[in-house]
Protein chains: 2
Amino acid sequence: MKTPSSLDFLTETLRRLPGVGPKSAQRIAYHLMQHDRDGAALLGRALTQAVERVRHCNLCNTFTENPVCETCLDSERDPTLLCVVETPGDQLMIEQTLTYKGLYFVLMGRLSPLDGIGPKDIHLDKLILRAGDGVVTEVVLATNFTNEGEATAHYISETMKARGLKVSRLARGVPVGGELEYVDAGTIARAMLDRRAT
Amino acid sequence: MKTPSSLDFLTETLRRLPGVGPKSAQRIAYHLMQHDRDGAALLGRALTQAVERVRHCNLCNTFTENPVCETCLDSERDPTLLCVVETPGDQLMIEQTLTYKGLYFVLMGRLSPLDGIGPKDIHLDKLILRAGDGVVTEVVLATNFTNEGEATAHYISETMKARGLKVSRLARGVPVGGELEYVDAGTIARAMLDRRAT
């Protein structure tokens, strides 16, 4: 008994999606062929189109369809501030707070030597060029507060300081709405050390 | 800040895959654009190709690229036996046992009134035509032993018996290697009722 080759090909290819194993790949393929052919055709087009059109912004490295993205072209923004984030999703979160009006640089990753992700993979040379444009005066590090994010922030901080730029990092402390009893000791320790005069 | 429209379109479309919500859709889209553009292009082609080529076998209703699938065309098989299964995966499991040499009918589903899946959705009219070809003498019901599978088997059994066909069902009982202490009471009850002379 043979599965049609185009169905086999689809199942094999679906396994390249992150988190999809052989069983889910087959389930998804059957589902699409049986119940959602329109969806399958649409997804096929969406993938082909995205591969053709999506590229990285020459300035901030985020995903865009143009040489330079809309955010970088926005003349209302403060060009002396450059906020470094790991992903476009992180950038979106910061935008939603409406507290930052500068520009961005998106690493598209974080340093993770154990996974073989070094400075090259997070486009540090591009960041050095970008931050050294003579306009940027402060680099705001907004990588995640995980071990890898912290290591990335530290590495970038050293690189930027060596080039005479001011470097800052998002404040650490007790989250808004946080009850001390339920906050971990590391966070409280940090908040105590970083306490501010009121 | 705007996401490129082709990336938005991709994220939206990925949500049509079963089990993919907004967060996973974004994660998958970013992963493909950042780390696996070849995979994305390949998957795009695989989907388009499958939608174009995969159809249902005119006889057994399974997925195939031809009017009639290879299994149905196999002249070595016993055309008087017709085994009814829910999915191509179930058919594959039965094939692997090497205990059955007849033909198949694949329902591509099961009766499930609560989900609005009635006799029409599991191609019962096609099954009635197929089983009534004058050659088939016995219909072997191999739907799952779940509530829905049992209901489906019962429904098909009544329909087929009304047309003068012999109907059988896979035997229920203690699984091979099963220890009575760990087998559920329902299965043991069934095995006791269906006990066989040795």
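Residues numbered from 1 in each chain as written. Chains lettered and ligands numbered in written order. Predicted model: local features only at pLDDT ≥ 70, side-chain atom pairs only at ≥ 80, totals over all residues. Heavy atoms only, no water.

Asks: Would you mind going over the confidence of the model for chain A with me for this structure?
Replies: For residues with low pLDDT, the predicted coordinates do not support detailed interpretation. Residue-level pLDDT values for chain A average 90, and 99% of them are 70 or greater. Prediction confidence for the complex, expressed as pTM and ipTM, is 0.76 and 0.77 respectively. (pLDDT = per-residue confidence, 0-100.)

Asks: Explain the relation of the copies chain B and chain A here, please?
Replies: Here the second copy of the chain follows from the first by a rotation about an axis and a shift along it. Here chain B sits on chain A after a turn of 180° about the axis and a move of 0.0 Å along it, with an RMSD of 0.1 Å. Here the transformation between the copies is reduced to the relation of a two-fold axis. Considering only C-alpha atoms, the residue of chain B closest to the rotation axis is G44(B), which sits at 2.0 Å. A shared binding surface is used by both copies, with 100% of the interface residues of chain B retained as interface residues in chain A. (Least-squares fit on C-alpha atoms with pLDDT ≥ 70 in both. Contact = heavy atoms within 4.5 Å.)

Asks: Explain the sheet that holds strand β3 (residues 78–85) of chain B to me, please; I cannot follow it from the model alone.
Replies: Each strand in a sheet pairs with another by means of backbone hydrogen bonds, the pair being arranged parallel or else antiparallel. Residue and element names in this part refer to chain B. Strand order in the open sheet formed by 4 strands is β4-β3-β5-β6, with parallel pairing between adjacent strands. The open sheet has two edge strands with one neighbour each: β4 (102–106) and β6 (166–169). In this sheet, adjacent strand axes meet at a mean angle of 25° when their direction is disregarded. In this sheet, strand β5 (residues 138–141) lies alongside β3 in parallel orientation, the contact comprising 4 bridges. Among the inter-strand pairings, V84 is bridged to a residue of β5, identified as L141. (Pairing = 2+ DSSP bridges. Helix = DSSP H or I, 4+ residues; strand = E, 2+ residues; numbered from the N terminus. Axes fitted to C-alpha atoms, helices over the stretch in contact; angles between N-to-C directions.)

Asks: Quick question: what am I supposed to make of the interface of chain B and chain A here?
Replies: Much of the literature gives interface size as the accessible area that the parts lose upon coming together. Taken together, the contacts link 52 residues of chain B with 52 residues of chain A. With both sides pooled, the region where chain B packs onto chain A buries about 5000 Å², and carbon together with sulfur makes up 68% of that total. At the junction of chain B with chain A, the criterion picks out 2 salt bridges. The partner of D36(B) in a salt bridge is R16(A), and the shortest N-O contact between them spans 2.9 Å. Where chain B packs against chain A, one counts 11 residue pairs in polar contact (both at pLDDT 80 or more). At 16 residues, helix α3 (residues 37–53) of chain B tops the list of elements feeding residues into the side of chain B that touches chain A. Looking at side-chain class alone, the side of chain B that touches chain A contains 25 nonpolar, 15 polar and 12 charged residues. (Buried area = accessible area lost by both parts, 1.4 Å probe. Salt bridge = Lys/Arg side-chain N within 4 Å of Asp/Glu carboxyl O. Polar contact = N/O pair within 3.5 Å; in protein donor to acceptor, adjacent residues only side chain to side chain. Nonpolar A, V, L, I, M, F, W, Y, C, P; charged D, E, K, R; others polar.)

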